[in-house]
Structures are given as structure tokens and as C-alpha cells.
Amino acid sequence: MQRQHRLGAAARISEVHRRGRSVANGLLVMRVLPNGLDRSRFCFVTGKRVGKAVVRNRVKRRLREVVRNSAPAPGWDTVLIARKGAGDADFKQLERAVHNLIRRTRLNAPPAPAEGQDGMRDAAK
RNA sequence: CGGACCGGCCGGGUGGCCGCCGCGAGCGAUGGUCAGAAACGGCUAUUGCCUCGGGGAGGAAAGUCCGGGCUCCACCGGACGGGGUGCUGGGUAACGCCCAGGCUCCGGCGCGGGUAACCGGGCCGGGGACGGAAAGUGGCACAGAAACAUACCGCCGGCCCGUUUCUGGCGAGCCGGCAAGGGUGAAAUCGGACGGUAAGAGCGUCCGGCCGCGUGUGGCGACGCACCGGCGGCCAAACCCCACCUGGAGCAAGGCCAAAUAGAGGGACCAUGGGUGUCCGGCCCGUCCCCGGGUUGGCCGCUUGACCUCAGCGGUAACGCUGGGGCUAGAUAGAUGGUCACCAUCCGCUUCAUGCGGAUACAGAACCCGGCUUACAGGCCGUUCGGCGUU
RNA sequence: CGGGGUGUAGCGCAGUGGCUAGCGCGCCACGUUCGGGACGUGGAGGUCGGUGGUUCGAAUCCACUCACCCCGA
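The shown structure was predicted, so the numbers you read here are calculated from the model rather than taken from an experiment. (Residues numbered from 1 in each chain as written. Chains lettered and ligands numbered in written order. Predicted model: local features only at pLDDT ≥ 70, side-chain atom pairs only at ≥ 80, totals over all residues. Heavy atoms only, no water.)

Undergrad: So what's going on with the environment of Lys52? Which residues, and what values?
TA: Here Lys52 lies in the loop between β3 (41-46) and α2 (53-70). In the structure, Lys52 is positioned 35 residues away from Gly87 in sequence and 9.1 Å away in space, judged by C-alpha atoms. (Helix = DSSP H or I, 4+ residues; strand = E, 2+ residues; numbered from the N terminus.)

Okay, here's the thing in C-alpha cells:
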């Protein structure tokens, strides 16, 4: 995942976390918010309850790989939070979980124009 | 051949496909600049769903228990205080680490002395926070007479009384001597034997133990040996004393750029500097601390270092010196991966071979090193010890 | 990166190196009541987070270690 697809700024992350739509299943929580850009950005959160450092890194790497292969539509900022069981799940299980969330958030389509107004301010940067 | 202890080393491999982060080169784009009439171009900076080459986690990267380098702040020097270390010598940038040695404790083997209890030294292996208890303060529960200056039961001598009468025995009391025996305890004035004595005692002798800022001697030293003198404990991981070390903070150190906001805010001006042409005065800047507000973007620091490796030399060793060769991660919410196939190892089931299924430890760099500690599937090498088999 | 704290019965906490480690709530049994609560009496329940050391003796002192919590930049 290249740098331009990363979501780094802490303020923007908490904005997505606060105002974005939220969808979850047993392994993951996903929050999305339109960003008004021609690309999508992602942020992966693996808290301490997921496991030790090795496990947390592995989960993040697998999630990045899944998102890369899923080729979602541009225009979204996404925060993907791993839940407690994600450390024990294998790659296939995580893949199914992410695809499930993408379908439910309609992330494979660009945001509707009315909805897209929301992130324009931030996108000016 | 298999086992135990100790020490050292390694810690999955190969190949597809799809990715990520640095570095170098090429190509393209954009900006600046140079030369030129212009085109073509040179240099430089930035950049890329671009192409190629090459690199990309550990022995513990971990815990953060010590020690340094580096950076900023403070600083005339010293003392006190605080903290740390604690046998000796060496190694090192330094250490609470490492090496060698001393002493001491434990285990094993065999030896000597002694009637015995027991004691001594030798070899091999392992452990030790191992300065001072004759500077002072304090503590040692319960038990016990007594836990630091003590005598309960006792033993012995003298006096006196009673009883019996054999100059003696038994019993009670008083005065004095003793610390051997009993008993208590974790610990009771050095242990054992003999002599000695009224009874006794290191009072003396022998075999040992321990202490000494006593003498000699060997050793750089811890300390050893011999002689001499002596023999009331234990605790300093209790306070303490002694010797040595020690300024504070940490890469979010620290510096630069950009953006943004709000400072006529409060305090200190000791020292220093600038402007007003010069000197004095005045004025304006300025410096430091606190409070309030803004920014939480980019670059440097950032990886060539007490580095790795090979050879020679010095040293018992830790390690050092000299010479040759090598460059080996630099991310910034954090890259070093995902998946498939085959092999390797282990486990389970099945089996003539074999096949099937599962698992592959501990664990993820964040400024960098030297140690310590802790976690760890499996494998390799070496020393010592004893076992089995064969010659 | 730096600093601090906690761990003792099911829960919340005490505990000058020395007797069988205590207190409150809870739990169990019995009494009381028609029954329950309250009350009374009795009782059970502890590797003192772990390992090692100092000491005659350790929950307490020391070292290492594990888990959790808090604070600062």
C-alpha cells in the first residue's frame, strides 16, 4: 500500500471515527467517511487486546493485503479496527470479513455527490 | 551406541505469482539557472500506478536492571547532603560486566592422623552481594538461671545446728570458691584426650580450631607459611563507619524551514550587545523566566561504527597491537510481506512399502553501542563423568 | 523514553523480622420466627503473585521476575 493511500493525520482519523458510518462483524469494525479526493485512504488500528507486537503487525499486514486486492472505489477515508479475535484468524477469514464490510458499506462505489460535500474542506489540503 | 552436567554455535530451505520501503542508474515531467538570435542543450532541485540493478528484523530486536558515546542545559573550585559499588589483580570508553587468582561453602573420589568422637590436607566439579562487629547506637521472640557480664539444679571447702554415733553418714542454714556435669535454646565463653586440683577452669601438655593495626618470610596484592601472644557470641540484604565512583536531562535530545495565531499580559534586568554618525545622558530595540494563544507538517540529526571479517604477533585468559579485505535496515502509525508448490523436522492415524491430516519455538528494529536478566521448537560441535556392546 | 504504585480469604482492606497472619462484607450450620429479613452463637475458607538469597526465624529485608494500574514529555 503506497503512501498516498495511507490515512495519517490524527485529526482526520478521529473525525472519521466520530462522524463516519460504522459497520462491524465478529473480527473487524469499519468506519467510513467521504473525503472528496480522487483516491481512498486507509488506516488500520490494532489495539493491545488483539495480541503482542508480532501478532498486531501480522494482522495489519494481512488487512493491507486484502484491501489492496479488493480495489475499492476512490473517494473514501476508512478506519479499519481489528477486534479481539483477529489475531487468531487466518488470512482467508480476514479476507471474508473485509469483503463483507466493503459490500455493506458500498465502498466499491464512489460516494454520492450530496454525501461528498462532507470532506471537501479537509480535501483542500 | 545412547545418557547427564557444563561451554560454544545455528535457529528452516528452494522456486513461481502478486505487493511494500530505502539506495543507485536510466527515462519522462515540472521549476530554477547558465550560454545562446533561436532550436538543440549543460548544471541543479523536486517528482513519478514508469523501467532496470542491488539491499531490507533478532539472538534475544524483549524487560529497561546497569555502563558509555552523542546532544542540549547548568558549571571558579571545594565541602556537606543524596545515590551507587564493596576480597585482590588485570581487561575495557565505562560498568554492578568479563578474565585470572585468593579465601570460603557444597558434592564426589581416594589419602593421612587418632581407641574413638572427629580432624587435616589432595584431586575433580559447582556456588558465594566476600570491606569493618577491638568507633558508636540498636536488636537477638519463645524457652532458659543467664542472650552480654550471668549461676537454677549442681560440685567443693569452711562455720554452725539437728539426728545417729564409727574420726563418718544423712538433713537444714550461712559464708566463700567453681563453671566440669544436667537442663533450655538457632546460638551458652573453643573441641577431644591426659595431667592437675578441695572441686575446678587453656591452669599445663598433646592433636586440632579461631583471633591479633605482634615478628619474620614468600607474593604487585587478596592471602599463605613459621614463630610469638591470646581465646565471650550472632546480625551491617539494622542504623552506621571506611574506601572508591557520581552535575541534570534525554533523539519527543537538539537544530533548520514552512504554515498558523493574539499578546501595549505579569515579573527579573546582574551581565552583555545593537540602532539613533561619534562621546555623555535620554529613547527604542534586546535578553531571561512565568502565564496565555497557535502549530502538532517537512528536512537534518539517521546510520562508517569502542563495526564486521581474515592473517600474524603479545598475553595463562579476558583482551590488545599491526596489516589486508568488506559496507551489512533506516521505517515515521511505522516497510522488511501475502499466497501457492516442493523439501526438511516433529506429532497423530493407518500401513509390507507407504499414504493422509496437522504443526514448525520465543518473538518485530525506532539515535547507536558494551553487558546483565528473562523467553525459546529443534539441531550441530567440544570438555568431563559414569553405562552398554565389540576388538 | 522517563517516573511512581499495587499484588494478603469470594470482594474491599489491615498487618513494629517472632505465638495458629487479622478486620469488615459475603458464605455455611444452628438458634430465634408461622416463614423471610434483621439479630445471636459457632464454623469453613490463605502456595501472603512467583523464584532465589540474608537470618536461628521472612507476608515483612535484599535481588531477579510476572501481571495490572497511574503520571510526565
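Undergrad: If you had to explain the sheet that holds strand β4 (residues 76-82) to someone new, which residues and values would you point to?
TA: Here we have 4 strands laid out as an open sheet, ordered β1-β2-β4-β3, and mixed in their pairing. Sheet topology places β1 (21-24) and β3 at the edges, where each strand pairs with a single neighbour. The mean inter-strand angle of the sheet, taken between neighbouring strand axes irrespective of direction, is 15°. Packing of α2 onto the sheet brings it into contact with β2 (28-34), β3 and β4, and relative to β3 it is tilted by some 155°. (Pairing = 2+ DSSP bridges. Axes fitted to C-alpha atoms, helices over the stretch in contact; angles between N-to-C directions. Contact = heavy atoms within 4.5 Å.)

Undergrad: I'd like a rundown of the packing of α2 against helix α3 (residues 91-105), residues and numbers included.
TA: At a minimum axis distance of 10 Å, the contact between α2 and α3 shows a crossing angle of 50°. In terms of orientation, α2 lies oblique with respect to α3. Taken as a pair, α2 and α3 cross one another with a handedness that is right-handed. Contacts between α2 and α3 pair Arg62, Leu63, Glu65, Val66, Val67 and Ser70 from the former with Phe91, Leu94, Glu95, Val98, His99 and Ile102 from the latter. For the contact of α2 with α3, the per-class residue count stands at 7 nonpolar, 2 polar and 3 charged. (Parallel < 35°, antiparallel > 145°, perpendicular 65-115°, else oblique. Left-handed = near helix turned anticlockwise from the far one by under 90°. Nonpolar A, V, L, I, M, F, W, Y, C, P; charged D, E, K, R; others polar.)

Undergrad: Before we move on, could you go through the side chain of Thr105 and cite the residues and values that matter?
TA: Looking at the element boundaries, Thr105 is found in helix α3. Side-chain polar atoms of Thr105 contact the backbone oxygen of Leu101, separated by 2.8 Å. Polar contacts involving the side chain of Thr105 include one to the main-chain carbonyl oxygen of Ile102, which spans 3.3 Å. Excluding anything up to four places from it in sequence, Thr105 contacts Arg21, Val23, Met30 and Val32. (Polar contact = N/O pair within 3.5 Å; in protein donor to acceptor, adjacent residues only side chain to side chain.)

Undergrad: Talk me through the pattern of salt bridges; I want residue IDs and the actual numbers.
TA: Following the criterion strictly, the structure yields 2 salt bridges and no others. The shortest N-O distance in the salt bridge between Arg41 and Asp77 comes to 2.9 Å. With Arg41 in strand β3 and Asp77 in strand β4, the pair connects residues that are 36 residues apart, well separated along the chain. By relative accessible area, which is 0% here, Asp77 ends up buried. Residue Glu65 pairs with Arg68 through a salt bridge whose shortest N-O separation is 2.6 Å. Of this pair, Glu65 and Arg68 both sit in helix α2, 3 residues apart, which is roughly one turn of that helix. Residue classification places Glu65 among the partly exposed positions, given a relative accessible area of 32%. (Salt bridge = Lys/Arg side-chain N within 4 Å of Asp/Glu carboxyl O. Buried < 20%, exposed > 50% of the residue type's maximum accessible area, 1.4 Å probe, protein only.)

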